[in-house]
Amino acid sequence: MPLFCLPELLKFGWIPFAAILAIDLVCYVLIRQDVSKGVTGAMMTVAHFILFTPFSVAWTKLAIKGPGAVANHPPFSYSRTQWRYLLAVTAMMAALLVLVGMPFVLLRYGQRNFDNQISLFGGSVMMLGLGIYAIGYVRLAFVFPAIAIGRYAGIRDTWKQTAGNIERLAAILVLTFLPYWVIRQAFEWYMGYHPPGVIEAFRGCIDMLLIALTTTALAGPALAYKAIVLDQPQDEAAAQSISAAR
């Protein structure tokens, strides 16, 4: 889609990309002033989700309904749809922090204090939480496209819609996001380390561009939502929901 929908990519992507570059520059200055990387990393994460939520909504609409659905869409705006989408993302991130982040802190505490029991417990709970989160994320993957096109009817309906498709949805999520991750890792390996300067600034810009382009992978679950839910006959969808409820 980034290749075939380049005008839409530029229309909806240039504002959040320019803003995230500016925030990245601010974080770089803060790091030079001995501000913790954890603080600046949290700032970048929050900024990325806030800035790219309008892009995510527009790109999802584009994937499901085509260019006509976003022809009159403003390049960057927040309405009720965008706020609901951001709320869903925030809920997912909060679940990740509870299920994975807190056990990871416990794991690190045990490692720093050479307490094997605490480390083992923290690591075990973290892996269990990661598994629960991964399954829950796949089962609720249709929440985001449903919100984007105004078809969200609750978590219960979303859970039913993904019943029987968890393996295929997991494969779609992995295969759509994996190429961007591989390209980014290859780029980081190729560039290596450079001291602050022009080359490092160039590396940082390209890195942020690759992170921004990763958002376009949302088209994968969006198209799966279209094929499994929207393009399915109503009587067949109802039958599937009943069997899933059983």
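Nothing here was measured: the structure is a model prediction, and the numbers come from that model.

**Q** Is there a simple way to explain helix 2 (residues 37–65) in this structure?
**A** In an α-helix, one full turn covers 3.6 residues, which means residues spaced three or four apart are oriented alike. Between its first and last C-alpha atoms helix 2 spans 40 Å; for 29 residues at 1.5 Å apiece the expected length is 42 Å, and the two agree. Of all the bends in helix 2, the largest measures some 45° and sits at Phe52, one to four residues before the proline Pro54. Measuring from the backbone nitrogen of Gly38 back to the side-chain oxygen at the start of helix 2 gives 3.1 Å, which picks out Ser36 as the cap. Downstream of helix 2 by a residue or two, Gly66 has a phi angle that is positive, lying close to 95°.

**Q** Teacher, can you tell me more about the side chain of Thr215 here?
**A** When you line up the elements, Thr215 lands in the loop between helix 8 (198–214) and helix 9 (219–230). With residues up to four places along the chain from it excluded, the contact list for Thr215 reads His48, Phe52, Phe55 and Ser56.

**Q** Just checking my understanding: could you explain the packing of helix 1 (residues 6–32) against helix 2 for this structure?
**A** The geometry of a pair of packed helices is captured by two quantities: the angle between their axes and the separation between those axes. At a minimum axis separation of 10 Å, helix 1 and helix 2 run at an interaxial angle of 175°. Here helix 2 runs roughly antiparallel to helix 1, going by the angle between their axes. The residue inventory of the contact of helix 1 with helix 2, partitioned by class, reads 19 nonpolar, three polar and three charged.

**Q** Explanation requested: a nonpolar patch on the surface in the structure shown.
**A** A contiguous nonpolar patch, built from Val174, Leu175, Leu178, Trp181 and Val182 and spanning about 490 Å² of accessible area, is present on the exposed surface. Summarising the element assignment, Leu175 is placed in helix 7 (residues 166–191).

**Q** What am I meant to see in helix 9 here?
**A** Among the residues of helix 9, Ala219, Gly220, Pro221, Ala222, Ala224, Tyr225, Ile228 and Val229 are the ones counted as buried. Buried residues belonging to helix 9 abut helix 2, helix 5 (143–148), helix 6 (155–161) and helix 7.

**Q** Can you help me understand unusual backbone geometry in this one?
**A** Even without glycine at this site, Asp34 takes up a positive phi of about 70°. With respect to the helices, strands and loops of the structure, Asp34 is situated in the loop between helix 1 and helix 2. The phi dihedral of Phe114 falls on the positive side, at around 55°, and the residue is not glycine. Within the element layout of this structure, Phe114 appears in the loop between helix 3 (80–112) and helix 4 (116–139). Look at Phe114 and you get exposed, because its relative accessible area is 74%.

What counts and what doesn't
Residues numbered from 1 in each chain as written. Predicted model: local features only at pLDDT ≥ 70, side-chain atom pairs only at ≥ 80, totals over all residues. Heavy atoms only, no water. Helix = DSSP H or I, 4+ residues; strand = E, 2+ residues; numbered from the N terminus. Expected span 1.5 Å × (residues − 1). Bend = angle between axes of the 7 residues up to and from the residue. Polar contact = N/O pair within 3.5 Å; in protein donor to acceptor, adjacent residues only side chain to side chain. Contact = heavy atoms within 4.5 Å. Axes fitted to C-alpha atoms, helices over the stretch in contact; angles between N-to-C directions. Parallel < 35°, antiparallel > 145°, perpendicular 65-115°, else oblique. Nonpolar A, V, L, I, M, F, W, Y, C, P; charged D, E, K, R; others polar. Patch = residues over 30% accessible without salt bridge, like charges linked within 9 Å, V, L, I, M, F, W, Y side chains within 5 Å. Areas by Shrake-Rupley, 256 points an atom, 1.4 Å probe, with all protein chains shown as cover. Salt bridge = Lys/Arg side-chain N within 4 Å of Asp/Glu carboxyl O. Buried < 20%, exposed > 50% of the residue type's maximum accessible area, 1.4 Å probe, protein only.

Without other data, these values stay purely geometric and don't point to any function.
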